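Structural characterization, general
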Amino acid sequence: MHRTALTRPGTEAAVPARPSGAARAALAAAVLGFFVITFDAVVVNVALPSIRRDVGGGITGLQWVVDGYTLMFAALLVSAGSLADRIGARRALAAGMTVFTAASIACGLAPSLGTLVAARFAQGAAAAVMMPASMALIGHAYPDPRHRARAVAIWAMGGAVASSSGPVLGGLLTQLSWRWIFFINLPAAAAALLLLARTPRSPHRRVPLDWTGQATAVVAMGALAYGAIETGTAGITAPRVITAFAVAAAALAAFVAVQARGRHPMMPLDLFRSRTVSVAVVIGFAFIVGYYGLPFVISLYLQQERGLSALTTGAAFLPMMLIGAALTPFSARLAERAGTRTLAVGGLALMTTGLLLLALLPASVPVWAIAALMVLVGLAGPLVMPPVTAVLLNAVPAHRAGVASGVFNTSRQVGGALAVAVFGALLTQPAGFQTGMRESLLIAAVIALAAAAASSRLAPAKRL
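Figured I'd write up the structure that's included with this text.

Reading the values: the criteria
Residues numbered from 1 in each chain as written. Predicted model: local features only at pLDDT ≥ 70, side-chain atom pairs only at ≥ 80, totals over all residues. Heavy atoms only, no water. Helix = DSSP H or I, 4+ residues; strand = E, 2+ residues; numbered from the N terminus. Rg over C-alpha atoms; globule rule 2.2 N^0.38 Å. Buried < 20%, exposed > 50% of the residue type's maximum accessible area, 1.4 Å probe, protein only. Contact = heavy atoms within 4.5 Å. Lys, Arg positive; Asp, Glu negative; His and termini not counted. Charge placed at Lys NZ, Arg CZ, Asp CG, Glu CD. Expected span 1.5 Å × (residues − 1). Bend = angle between axes of the 7 residues up to and from the residue. Salt bridge = Lys/Arg side-chain N within 4 Å of Asp/Glu carboxyl O. Polar contact = N/O pair within 3.5 Å; in protein donor to acceptor, adjacent residues only side chain to side chain. Core = buried A, V, L, I, M, F, W, Y, C linked by side-chain atoms within 4.5 Å.

**Quick look at the overall build of the protein chain**
- In terms of helices and strands, the protein chain carries 16 helices and two strands.
- The C-alpha atoms of the protein chain give a radius of gyration of 21 Å, which matches the 23 Å a tight globule of 464 residues would have.
- Within the protein chain, the fraction of its 464 residues that count as buried is 56%.
- In the protein chain, the share of contacts with a sequence separation of at least 24, taken over all contacts with a separation of at least 6, comes to 82%.
- Averaging the locations of the 33 positively and 12 negatively charged side chains of the protein chain gives two centres separated by 9 Å.

**Side note on helix α5 (residues 145-176)**
- With 32 residues, α5 should cover 46 Å at 1.5 Å per step; its first-to-last C-alpha distance of 45 Å lies within 8% of that length.
- Its axis deflected by about 45 degrees at Gly166, α5 carries its strongest bend there, up to four residues before the proline Pro167.

**Description of the pattern of salt bridges**
- Inspection of the entire model under this criterion finds one salt bridge.
- Its salt-bridge partner being Arg179, residue Asp54 comes within 3.5 Å of it at the nearest N-O pair. Remark: Arg179 occurs in the loop between α5 and α6 (180-183) and Asp54 occurs in helix α1 (residues 21-55); sequence separation between them is 125 residues.

**Remarks on the environment of Ala23**
- Locating Ala23 in the fold gives a position in helix α1.
- Overall, the relative accessible area of 3% leaves Ala23 in the buried class.
- Sequence separation between Ala23 and Ser364 is 341 residues, and the spatial gap between their C-alpha atoms is 52 Å.

**Section: the environment of Arg306**
- Checked against the element boundaries, Arg306 lands in the loop between α10 (275-305) and α11 (310-327).
- Not counting the four nearest positions on each side in its chain, Arg306 is found in contact with Tyr301, Ala363, Ser364, Val365, Pro366, Val367 and Ile370.
- A distance of 3.4 Å separates a polar side-chain atom of Arg306 from the backbone oxygen of Ala363.

**Observations regarding the nonpolar core**
- Formed by 144 residues in total, the largest nonpolar core has its most connected members in Trp155, Ile283, Leu294, Met351 and Ile370.
- Excluding residues that lie within four positions of it along the chain, Leu294 makes contacts with Val289, Met320, Leu355, Leu358, Met374, Val377 and Leu441.

Shown next, in the form of structure tokens:
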């Protein structure tokens, strides 16, 4: 990926070369992978009332439609990162995309809520394999830091386009049938697999998988999500809720012990000796609490409380999503000029402001005002995630890119899963939907503010 230029006899200096066609094919495949992962995380929100009318289930059932995806995504991400290092990023992305496609078909054909949730679990598992593999594929294809930062910004466009098109496209497709929101994945998946066929084999290394760590991680996250979701209907003092939280605590303790003592841990604790890695994990968690929690709450509010259609609800999210898509291509250059720390702090401060104002709005506020304030949350996307992702990849050795990506994205998905579980529980409390929505947005604002403070500890960016 580098060419050399002679400076004087006997010496050579490495000069970054233009990315090759194979590198661009790898990047395009990674973009499509990130597109379908993000699209299926956001598109389902506007379809929830339609799904409920068709296959039944209350708020709890809808929470599992969302969290079935994010929970498996979060629980398997770190092992999936190790898998990408073990078999190579290209093979891992291709395998994940194949399973994701099959699971999407199963979602679209699901005859019942239980079948749909099971298929969403399968989608989440496949997405867990795809996400770190796509990031590692970019890391291998673009070894030059500047090219890599700009490639990551382009990769982030996959998520930005999915986020911006998801609500509106989901609302439009739901007018026909909510099932079409899953079938739309098929052409994108086919294109990604064709591009991967043009990509060279990725580096790989033999590393034993940490089965004990994976099992305790799944139990901990599953029990935690179950306890949070059931709190809304059964109450926090219900025996099954207390049992779920106790199981989650015990499994988490076991997971930490296994990671500290195991010979081949799925989440090497020494990764967190890097301040950059630790801060990036905090940022990833907090960002997704607001960025995924907000659409879940507001989508239900606009349709159930304000009587909007799925299409009109999707349109209300359009300004928020479009601003993110428009600015994402410039995130790398902004980071080069202002520094990742400045962008992260500023982006999370904007998110905090938007969430706080939305929480304090009166019930009679017009929908256009809600859409306008959500733009502040949308601005945080390009200012925070692409620069922080690039800094994270530059902070770890190339052979640990997969596992580092897995750890980072696990923090993101845990944030999303817990946001849906906790916010859904708050929406069903006796105080009413409006009170639950305000409490949810205030919680997200406090978490975003804490992450903004943590972002100030990121090391200043080096000029490239």
